[in-house]
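As a plain string of letters, each chain reads:
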Amino acid sequence: MTNGIEILGLLAATLTTAAFVPQAYKAWKFKSTRDISLTMYLVLFLGLLLWFVYGLYIDSLPVILANAVTGMLAFLVILLKLRYK
């Protein structure tokens, strides 16, 4: 059953991470972040960092991967927000 749960976790990680791709792409492509909240992304990034550390602690690949990739996307949006404000 562990494999089924791991697959479920990887699927959830893929979907939640993929949800951030359009926002990061749009901010990068149009060089506009006017309607993006910097505070929200800073808090989100901190939460993702903590989830990543937690994933390392519990040795959970889905938690590690999802939060590493989503963290990079959130960090990209933060950088774009600071650059294009």
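Anything mentioned here points back to the structure above.
Notes on the structure follow. All values derive from a computational prediction rather than experimental measurement.

Basis of the calculations
- Residues numbered from 1 in each chain as written.
- Predicted model: local features only at pLDDT ≥ 70, side-chain atom pairs only at ≥ 80, totals over all residues.
- Heavy atoms only, no water.
- Phe/Tyr/Trp six-rings, centres within 6.5 Å; stacked < 30°, edge-to-face > 60°.
- Helix = DSSP H or I, 4+ residues; strand = E, 2+ residues; numbered from the N terminus.
- Buried < 20%, exposed > 50% of the residue type's maximum accessible area, 1.4 Å probe, protein only.
- Axes fitted to C-alpha atoms, helices over the stretch in contact; angles between N-to-C directions.
- Parallel < 35°, antiparallel > 145°, perpendicular 65-115°, else oblique.
- Left-handed = near helix turned anticlockwise from the far one by under 90°.
- Contact = heavy atoms within 4.5 Å.
- Nonpolar A, V, L, I, M, F, W, Y, C, P; charged D, E, K, R; others polar.
- Expected span 1.5 Å × (residues − 1).
- Arc of directions from axis to C-beta.

**Section: the packing of aromatic side chains**
Evaluation of the coordinates by the stated rule reveals 3 aromatic pairs. Ring geometry for Tyr25 and Trp28: centres 6.1 Å apart, planes at 45°, overall tilted. Taken together, the residues span about one helical turn, with Tyr25 and Trp28 both in helix 2 (residues 21-30) at a distance of 3 residues. Pairing Phe45 with Phe75 gives two aromatic rings, centres 5.5 Å apart and planes at 35°, and the pair type is tilted. One end of the pair, Phe45, is in helix 3 (residues 38-58); the other, Phe75, is in helix 4 (residues 61-84), and 30 residues separate them in sequence. Taking the relative accessible area as the measure of exposure, Phe45 reaches 26% and is therefore partly exposed.

**With respect to the packing of helix 3 against helix 4**
It is the contact of helix 3 with helix 4, at a shortest axis distance of 8 Å, that shows an interaxial angle of 155°. Between helix 3 and helix 4, the angle falls in the class roughly antiparallel. Helix 3 and helix 4 meet at a crossing whose hand is left-handed. Along the contact surface, helix 3 presents Leu38, Tyr41, Leu42, Leu44, Phe45, Leu48, Trp51, Phe52, Gly55 and Leu56, while helix 4 presents Val63, Ile64, Asn67, Ala68, Thr70, Gly71, Ala74, Phe75, Val77, Ile78, Lys81 and Leu82. When grouped by side-chain class, the residues that make up the contact of helix 3 with helix 4 number 17 nonpolar, 4 polar and 1 charged.

**Quick word on the packing of helix 2 against helix 4**
For the pair helix 2 and helix 4, the least separation of the axes is 9 Å and the interaxial angle reads 25°. With respect to their mutual orientation, helix 2 and helix 4 come out roughly parallel. Crossing handedness for the pair helix 2 and helix 4: left-handed. Two secondary-structure elements touch here, helix 2 through Val21, Ala24, Ala27 and Trp28 and helix 4 through Leu73, Leu76, Val77, Leu80 and Tyr84.

**A closer look at helix 3**
Taking 1.5 Å per residue as the helical rise, helix 3 with its 21 residues ought to reach 30 Å, and the 30 Å between its terminal C-alpha atoms agrees with that figure. Every buried residue of helix 3 is listed here: Tyr41, Leu48 and Gly55. An end-on view of helix 3 places all buried positions within 40° of arc, on one side of the element. Turned more than 90 degrees away from the buried face of helix 3 sit Thr39, Val43, Leu50 and Tyr57, all of them exposed. Buried residues belonging to helix 3 abut helix 2 and helix 4. A positive backbone phi angle near 60° is found at Asp59, which sits one or two residues after helix 3.

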